[in-house]
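Topology and contacts: notes
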Amino acid sequence: MFKISLGKTPKRRMSDTEENPLEETEEYGEIEMQEEDDEEEEYPNFEGLENMQQELKEVNTLAWIESPEEEEEGEEEGREFGEEAEAEDGEEGEVEIREEEEKDRKGKEEGEEEGEGEERVEEHEEEEAGKGEEVVEGLGKEAVKDQALEADEEASEAQEESTVEPEEITTSMISLERFMQTDSQTVLSETSLNSGSESKHSLQSELLETFELPRSPGSQLEFLDLDVTTSGEPLISFPERQPSGELDQRPQDELEEEEGRDLEPERGDLEQEKRKRRKEKRVSCISEKSEKESQPKARITKASLVSTATEDVLFQSRESANTYPLTMTWSFGWNSTLPVYYIRENQRVLLYTSGHTGVIYNVLKNNQHHLQGHPNIISCLCISEDRRWVATADKGPDCLIIIWDSFTGIPVHTIFDSCPENNGIRAMAITRDAKYLATISDAEIQKVCIWKWTLAAETPACTLDLPKEYGFQNYLIFNPTNNKELVSNSKTQAIYYTWYPEGGILAHSAPVLTEKTFNKLVGKFSQSVFHLNLTQILSATMEGKLVVWDIYRPPPSASSSMGFPHIKPCKLVHLQKEGITVLTTVDSYIVTGDIRGNIKFYDHTLSIVNWYSHFKLSCIRSLSFSKTPAAPPAENTNYPPDCTLKSDHFVVRNFIIGTSDASVYHLTVDGTKLEKLFVEPRDAICAISCHPYQPLIAIGSFCGIIKVWDYEQKKYLFSRVFEKGLGVQSLTYNPEGALLGAGFTEGTVYIFDAMSLESAISEPFRYSRSSVTHISFSHDSQYMATADVSFTVAVYVVRVKHGQRVWEYLARLRSHRKSIRSVLFGVHLDSNEPRLLSLGRDRLLIEYNLLKSYKDHLAVLDIHRTDQGSYPTCMVWYPPLTKELFLLICNSGYKVKLFNSATKMCRKTLLGPVYGSPIEQIQILPVKSTLELQKRYMVFINRDKVGLQILPVDGNPHKTSALICHPNGVASMALSYDGCYAFTAGGQDRSVVQWEINLRVL
């Protein structure tokens, strides 16, 4: 109904109505409402909207007098609205303008006839009442009752219509005005989005225009929905736009009171003066509003962080109060299967992923900014050519695609339902100008989608299901000069795509390539890229060869019988012996990286220009070049010569190298300087331990490396790499902090010096044949106990020989029938001697007698069963909050139990934290002073979360808080000596996350 009425209303008239909405005053409110009722009865539909507005203006003494400035603005808005709108509404607009001019000249006459108008209305009401009385007199008593009831119902319905319809009309007018104000910007933005322009500033200008667009209800002109809920709070707030009809920000009752005060003294004599003041007041308000609207940039500066951000905003020092109990402050490790990108060269800013978090790392400032929001491990990421827009996607339940602004770290758009099957994204690419995003799902039948993310689209612009015989496509890239062309490849098939946005069609060409095609072995495809001549596609193989595909594009004037563009294999070029793992282009070069760590540069004819092979790197996983072009050769430059006959200077941009051993390097071409930025574990991380009185953390990986970090300064200190086959499974510092015990995956146990990682024993202990999962020291560092996968507990003791303290093997015992969950040392209260306990999944709590144990004999003191149905998961000494000393044991039924430490009797059973999976490990947060002894906290981890709980345990679920730390599973946990930080190891995601603990918000 609104569309019909608004479509027939001249836009000039609508603008005037917007500037002066239907206002009710104390003096003329009755007249306006009466005439609205009359108009509703006379015009039941909205076709008479113009006549009703005209009569309202004639009656209302506060008719709008439009200023010349407003007329000029209205004419400009009309010109921006489009030539079609002018053609349709031009004649009606001229008629309306002439009518309004006549109304302005008659304004004074209307004011003089005001009193007469009131008398006429009163006479009209009296006549209607008289007619009603005559009708009533002619009816009987029963008819009078029925007629009265019907009249009441009709009056109530009329009153409801009179109160609803004017509001709906005003709302539609405001919506139309907003559309008229923003139509020109919308047309420009849509035109730029559909064009093939490749200016690197085009997207930024579009986003700036986007933030100026007001979002009216039901409007389809919303571009970027920046209120993303992945980070918990909206990061960008838009200013609330005041409708153009509201000329004063004060409440309506205040305006009515002010008008009432003006009407009190001498209404008859001061009526004319009062109307004059009102007109001047409204004109001043309109002038102020027009001045504000003429400066939209000032409003955006205060509201939009994205539109005003610069490259240096992200790492500027700013203090922000932590509002969560646990806040991520640092991420150790990175996913070396995904590329690392070179964002900015002036400060060596890199982009990579660590688990389910994107990390923007400033190498020179040693700062990290975390892109948090994914519920699963990030499976792929890409970045725009200007390094402004970053896209990340994950793989798993409730998978997401998030586009980030790298200047501010703000998520500007989130795609929630990209994969209804919850399979996630396998490959992703973004156009050179960042207008479009392409994804390939990880389902059995892969789906290729193209997203117009700048329009805040929730559904793809086009989709294409790929047959199974194409193999799993794991690489995707756009044509750098044409947003409508893409290429992807699996290990056996390369596919060329052509996108037709007008019809939403994604055509593809996938010619079959076998060894018979060239009568040679082709090999498995790794990556593909568009050739520099733009008429060919290159696909690299693990045999060191390039497959050259010719692109056949029918001319635009050709008939549809010519078909879609397609590719055909042209030739096979054997470039090198080593398998090519990376294929990309930069400036005028085609660049390859291979499994031997060589980086080679070719020209457009595939003739080699230069290479780097003397760095002895491992397999190249990614190459990312700086967005800053290389400086031309000069006297003070030292570019290497190329390998051509001319021996010209080899000038290329500086670039970042990512290798398969999780190492990242920076190569400065001027002078050929290779700098190692960082080296991280390339395999699962399950072992972490914090120093007992220094800010140090030891991290061990299955790849056989132990690294020690200063977690306050975020500095890597020292490390030790072991021979192949020795994977670190468990780590623990002794209470003095002088030794570090380590258990390995093949059963070896080491004891290291904590400050140098040199072995503190002559030979490692090799008494276990399986992985050592737990390692623990006694409070006096006289005993060390270990547990392995074979359900065996082993004890080592310190002996004094020849005046030196020497560690010796004491005994071992297979005391459990299922996996051991905890090995814990305690203290006998009467003798201060250490006591040892173990807890297994077989529901047995066993305490050992260390004093009666001797060589090859580990004595058992007692055995107790902890549960009947559920199995225990972990245990810890409960802090002395009561006079009784307890052991706290968690089980698989989400229960926590308190056992007397001496009698092993269960004293209390309570509900523990319930966050999707049972608790797997708990630790009591250390206190900083004696004043905090009666206010203790517990840190816990379950399958994928880390959390805090307020002690004492009482089953209250509101005393706990938890969040996702490692979606694929948490391997272990450690606490800093001062209780300020918690650390979690993610196992297979090869990351360790540092969490700052904020107890003030609990």
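Residues numbered from 1 in each chain as written. Predicted model: local features only at pLDDT ≥ 70, side-chain atom pairs only at ≥ 80, totals over all residues. Heavy atoms only, no water.

Once that is clear, we can look at the overall build of the protein. The secondary structure content of the protein amounts to 14 helices and 55 strands. Per-residue burial for the protein yields a buried fraction of 52% across its 1002 residues. If you take every contact in the protein between residues at least 6 apart in sequence, the share linking residues at least 24 apart comes to 52%. Of the roughly 48,400 Å² of accessible surface on the protein, a fraction of 49% belongs to carbon and sulfur atoms. (Helix = DSSP H or I, 4+ residues; strand = E, 2+ residues; numbered from the N terminus. Buried < 20%, exposed > 50% of the residue type's maximum accessible area, 1.4 Å probe, protein only. Contact = heavy atoms within 4.5 Å. Areas by Shrake-Rupley, 256 points an atom, 1.4 Å probe, with all protein chains shown as cover.)

Residue Pro952 is bonded to the preceding Leu951 through a cis peptide linkage, with omega at 5°. Position of Pro952 among the secondary structure elements: in the loop between β51 (945-950) and β52 (960-964). We note that Arg387 has phi near 65°; this positive angle belongs to a residue other than glycine. You can see Arg387 is positioned in the loop between β6 (378-383) and β7 (389-394). Of note, Thr672 is a non-glycine position whose phi angle comes to about 50°, a positive value. As for its position among the elements, Thr672 is in the loop between β28 (663-668) and β29 (673-679).

Inspection of the secondary structure assignment puts Asp842 in the loop between β42 (834-840) and β43 (844-854). Of the side chains with opposite charge, Arg817 lies nearest to the buried Asp842, which makes no salt bridge, at 4.9 Å. Within the structure, the side chain of Asp842 is placed 3.3 Å from the backbone nitrogen of Leu844, a separation counted as a polar contact. (Lys, Arg positive; Asp, Glu negative; His and termini not counted. Salt bridge = Lys/Arg side-chain N within 4 Å of Asp/Glu carboxyl O. Polar contact = N/O pair within 3.5 Å; in protein donor to acceptor, adjacent residues only side chain to side chain.)

Attention now goes to the pattern of salt bridges. Within the structure shown, the criterion is met by 21 salt bridges. Close ionic contact of Asp405 with Arg388 constitutes a salt bridge, the shortest N to O distance being 2.3 Å. You can see Asp405 sitting in strand β8 (residues 401-405) and its partner Arg388 sitting in the loop between β6 and β7, a full 17 residues away along the chain. Here Arg388 falls in the buried class, since its relative accessible area comes to 3%. Here Lys468 makes a salt bridge to Glu444, at a shortest N to O gap of 2.8 Å. Within this pair, whereas Lys468 is found in the loop between β13 (462-465) and β14 (475-479), its partner Glu444 is found in the loop between β11 (437-441) and β12 (447-451), the two being separated by 24 residues in sequence.

Summing up the model confidence of the protein, the mean pLDDT is 78 and the portion of residues at 70 or higher is 69%. Throughout residues 1-97 the model reports pLDDT below 50, and contacts reaching past four residues in sequence, or to other chains, amount to 150 contacts. Counting contacts from residues 155-270, a segment whose pLDDT is below 50, to residues more than four positions away or on other chains yields 198 contacts. (pLDDT = per-residue confidence, 0-100.)

Right, let's talk about a positive patch on the surface for a bit. A contiguous patch of positive charge, built from Arg817, Lys818, Arg841 and Arg865, is present on the exposed surface. Structurally, Arg841 can be placed in the loop between β42 and β43. What makes Arg841 partly exposed here is its relative accessible area of 34%. (Patch = residues over 30% accessible without salt bridge, like charges linked within 9 Å, V, L, I, M, F, W, Y side chains within 5 Å. Charge placed at Lys NZ, Arg CZ, Asp CG, Glu CD.)

Glancing now at the packing of aromatic side chains. Applying the stated criterion across every chain yields a total of 34 aromatic pairs. With 6.3 Å between their ring centres and 75° between their planes, Phe601 and Phe625 make a pair best called edge-to-face. Taken together, the positions of Phe601 in strand β24 (residues 599-602) and Phe625 in strand β26 (residues 620-625) put the pair 24 residues apart, joining distant regions of the chain. Taken together, the aromatic side chains of Tyr589, Phe601, Tyr612, Phe615, Phe625, Phe650 and Phe655 make up a single cluster linked through ring pairs. Here Lys568 stacks its cationic end above the ring of Tyr552, 5.3 Å away from the centre of that ring. Positioned above the aromatic ring of Tyr716 is the side chain of Lys707, whose terminal nitrogen or guanidinium carbon lies 4.6 Å from the ring centre. (Phe/Tyr/Trp six-rings, centres within 6.5 Å; stacked < 30°, edge-to-face > 60°. Lys NZ or Arg CZ within 6 Å of the ring centre and 35° of its normal.)

The next thing to look at is the sheet that holds strand β19 (residues 536-541). On the basis of which strands lie adjacent, the open sheet formed by four strands has the order β18-β19-β20-β21 and antiparallel pairing. Here the strands that pair on one side only, and so sit at the sheet edges, are β18 (525-530) and β21 (566-574). Looking at each pair of strands side by side, their axes are set apart by 25° on average, direction ignored. Bridge analysis of strand β20 (residues 545-552) against β21 gives eight bridges, and the strand direction is antiparallel. Along β21, the bridge assignment pairs Leu546 with Val573. (Pairing = 2+ DSSP bridges. Axes fitted to C-alpha atoms, helices over the stretch in contact; angles between N-to-C directions.)

In this section: the sheet that holds strand β30 (residues 685-690). Taken in spatial order, the four strands make up an open sheet running β30-β31-β32-β33, and their pairing is antiparallel. Each edge of the sheet is formed by a strand with only one pairing partner; in this case those strands are β30 and β33 (715-721). Across the sheet, the mean angle separating the axes of adjacent strands is 20° when strand polarity is ignored. The pairing of strand β31 (residues 696-701) with strand β32 (residues 705-710) spans five bridges and is classified as antiparallel.

Sheet analysis places strand β38 (residues 783-788) next to strand β39 (residues 793-801), joined by five bridges and oriented antiparallel. Across the sheet, residue Thr786 finds its bridge partner in β39, namely Ala794. Counting the residues between successive antiparallel strands, the hairpin from β38 to β39 contains four residues, one of them, Phe791, with a positive phi of roughly 65°. Where β39 folds back onto strand β40 (residues 804-813) in an antiparallel hairpin, the turn is made up of two residues, including His802, whose phi is positive at roughly 55°.

This paragraph deals with the side chain of Arg835. Mapped onto the elements, Arg835 comes out in strand β42. Owing to a relative accessible area of 7%, Arg835 belongs among the buried residues under this scheme. One polar contact links the side chain of Arg835 to the main-chain carbonyl oxygen of Ser901, over a distance of 2.8 Å. Each residue touching Arg835, except ones within four places of it in the same chain, is listed here: Leu824, Phe825, Gly826, Val827, His828, Glu847, Trp877, Ser901 and Lys904.

Ranked by size, the top nonpolar core spans 37 residues in total, and within it Leu351, Ile360, Ile401, Met428 and Leu437 carry the most contacts. Contributions of two or more residues to this core are made by β2 (341-344), β3 (349-354), β6, β7, β8, β9 (410-415), β10 (425-430) and β12. The next biggest cluster of nonpolar side chains, apart from the first, holds 27 residues, and it includes Tyr342, Val359, Val664 and Ala974. (Core = buried A, V, L, I, M, F, W, Y, C linked by side-chain atoms within 4.5 Å.)

Counted residue by residue, β19 has six buried out of six residues, so it is predominantly covered. Here β19 shows two buried faces, one formed by Gln536, Leu538 and Ala540 and the other by Ile537, Ser539 and Thr541. Summarising the sheet, β18 and β19 pair through four bridges and their orientation is antiparallel. Note that in β19 the partner of Phe525 across the bridge is Thr541. Hairpin connection from β18 to β19: five residues lie between these consecutive antiparallel strands, with Leu534 at a positive phi of about 65°.

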